[in-house]
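Here are the chains, one letter per residue:
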Amino acid sequence: MVLAESLTPDEQLVEETLAGNDRAFAELTCRHKGRVFAVAARFARNKAELEDICQEVFVQAFFKLRQFRRDSPFTHWLLRITTYKCYDYLRRRRRDGAGISVEAMLESGYEPSAPEHPAPHPDLERLYAAMAQLSPKERLVITLLELEERSLQEIADLTGWSVSNVKVRAFRARAALRKLMEKRE
């Protein structure tokens, strides 16, 4: 029985979910959570934020399932939702500011523990700091193009931008990143 369920096409699971079978959506979630987490992990700063983004993705997917047009695979539709949620997350984070300061954390009684990983290379730290200063759209296109190694067409499909728009945004984002990196030298 389990083997038969795992071979069920996504489109059939969508139909079953729309007919009221919650187990079908659970199967879709299990099937695609790895890819959703992999994309969202590029944007989240910690595990809690990653889980929040992914939960928002699957909640929205469930409630908007009737809007799935079936003209492309379910995975593409779900990754498009993931991309929008990551973009929303970047905008919110930028709007809310950098977060809690170290002083505020120490005043609240936070005790830092020993680092689990060695410190990253100084150039990598500069890159992360520069990426954090990019606008959400610039960071999104750089992340999808350079870190996720997605094609221009895939990025266009995920974001809803045209391929030429993706090219222009990538060019401008790279220029902005280069300028920020040169400032930090």
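Provided above is the structure to which this section pertains.
**Q** Any chance you could explain the overall build of the chain here in plain terms?
**A** Tallying secondary structure elements over the chain gives 10 helices and 0 strands in all. The order of helices and strands in the chain, counted from the N terminus, is α-α-α-α-α-α-α-α-α-α. Residue burial in the chain is summarised as follows: out of 185 residues, 34% are buried. Across the chain, every contact between residues at least 6 apart in sequence was considered, and the portion connecting residues at least 24 apart equals 66%. Just so you have it, the chain exposes about 12100 Å², and 54% of that area is on carbon and sulfur atoms.

**Q** Can you help me understand the layout of surface pockets in this one?
**A** A water-sized probe rolled over the atoms picks out the places where empty space is left. By volume, the second largest pocket amounts to about 510 Å³. Looking at the second largest pocket, it is lined by 18 residues, and the ones nearest its centre are His 76, Trp 77, Arg 80, Ile 81 and Asp 157. Sorting the residues of the lining of the second largest pocket by element identifies helix H5 (74-96) and helix H9 (152-159) as the ones contributing at least two each. Looking at the lining of the second largest pocket residue by residue, the class counts come to 6 nonpolar, 4 polar and 8 charged.

**Q** Whenever I open this one, the nonpolar core confuses me. Can you help?
**A** Here is a general trend for soluble globular proteins: nonpolar side chains tend to be buried in one another's company. Phe 43, Ile 53, Phe 74, Trp 77, Leu 78 and Val 141 are the most contacted members of the largest nonpolar core, which totals 45 residues. Listing elements by their share of this core, those giving two or more residues are helix H2 (10-18), helix H3 (22-41), helix H4 (47-63), H5, helix H7 (122-133), helix H8 (136-147), H9 and helix H10 (163-183). Counting residues per element, this core draws most heavily on H5, at 9 residues.

**Q** Help me out: how do you make sense of the packing of aromatic side chains in this one?
**A** How two aromatic rings sit relative to each other is set out by the distance from centre to centre and by the angle between their planes. Counted under the stated rule, the structure contains 5 aromatic pairs. Centroid distance Phe 25 to Phe 62: 5.1 Å. Interplanar angle 70°. Geometry classified as edge-to-face. Taken together, the positions of Phe 25 in helix H3 and Phe 62 in helix H4 put the pair 37 residues apart, joining distant regions of the chain. By relative accessible area, Phe 25 is classed as buried at 11%. Considering the side-chain rings of Phe 68 and Trp 77, the 5.5 Å spacing of their centres and the 55° angle between planes classify their relative orientation as tilted.

**Q** Just to check I follow, could you spell out unusual backbone geometry for this structure?
**A** When glycine is set aside, most residues are seen to have a negative phi, and most peptide bonds are trans. Located in the positive-phi region is Arg 70, a residue other than glycine, with phi close to 65°. Along the polypeptide, Arg 70 turns up in the loop between H4 and H5. For Arg 70, a relative accessible area of 34% translates into the label partly exposed. The phi torsion at Glu 149 lies on the positive side, around 55°, for a residue other than glycine. Locating Glu 149 in the fold gives a position in the loop between H8 and H9.

**Q** Hey, could you run me through the pattern of salt bridges in this one?
**A** Pairing between side chains becomes possible if they bear opposite charge and their charged atoms approach one another. Inspection of the entire model under this criterion finds 11 salt bridges. Residue Asp 71 is joined to Arg 69 by a salt bridge in which the shortest nitrogen-to-oxygen separation is 3.4 Å. Exposure class is identical for Asp 71 and Arg 69. Each is exposed. Where salt bridges share partners, they join Asp 10, Glu 27 and Arg 31 into one cluster.

**Q** How do you make sense of the packing of H8 against H9 when you look at a structure like this?
**A** Helix packing geometry: the angle between the two helix axes and the distance between the axes. Contact geometry of H8 with H9 gives a least axis separation of 10 Å together with a crossing angle of 135°. For the element pair H8 / H9, the angle class is oblique. Crossing angle aside, the handedness with which H8 passes H9 is right-handed. Contact residues: Leu 140, Val 141, Leu 144 and Leu 145 in H8; Leu 152, Ile 155, Leu 158 and Thr 159 in H9.

Quick notes on the rules
Residues numbered from 1 in each chain as written. Predicted model: local features only at pLDDT ≥ 70, side-chain atom pairs only at ≥ 80, totals over all residues. Heavy atoms only, no water. Helix = DSSP H or I, 4+ residues; strand = E, 2+ residues; numbered from the N terminus. Buried < 20%, exposed > 50% of the residue type's maximum accessible area, 1.4 Å probe, protein only. Contact = heavy atoms within 4.5 Å. Areas by Shrake-Rupley, 256 points an atom, 1.4 Å probe, with all protein chains shown as cover. 1 Å grid on protein atoms, 1.4 Å probe; cavity = no way out; pocket = protein on both sides within 12 Å on 5 of 7 lines; lining within 4 Å. Points joined across faces, edges and corners; volume = space filled by probe spheres on them. Nonpolar A, V, L, I, M, F, W, Y, C, P; charged D, E, K, R; others polar. Core = buried A, V, L, I, M, F, W, Y, C linked by side-chain atoms within 4.5 Å. Phe/Tyr/Trp six-rings, centres within 6.5 Å; stacked < 30°, edge-to-face > 60°. Salt bridge = Lys/Arg side-chain N within 4 Å of Asp/Glu carboxyl O. Axes fitted to C-alpha atoms, helices over the stretch in contact; angles between N-to-C directions. Parallel < 35°, antiparallel > 145°, perpendicular 65-115°, else oblique. Left-handed = near helix turned anticlockwise from the far one by under 90°.

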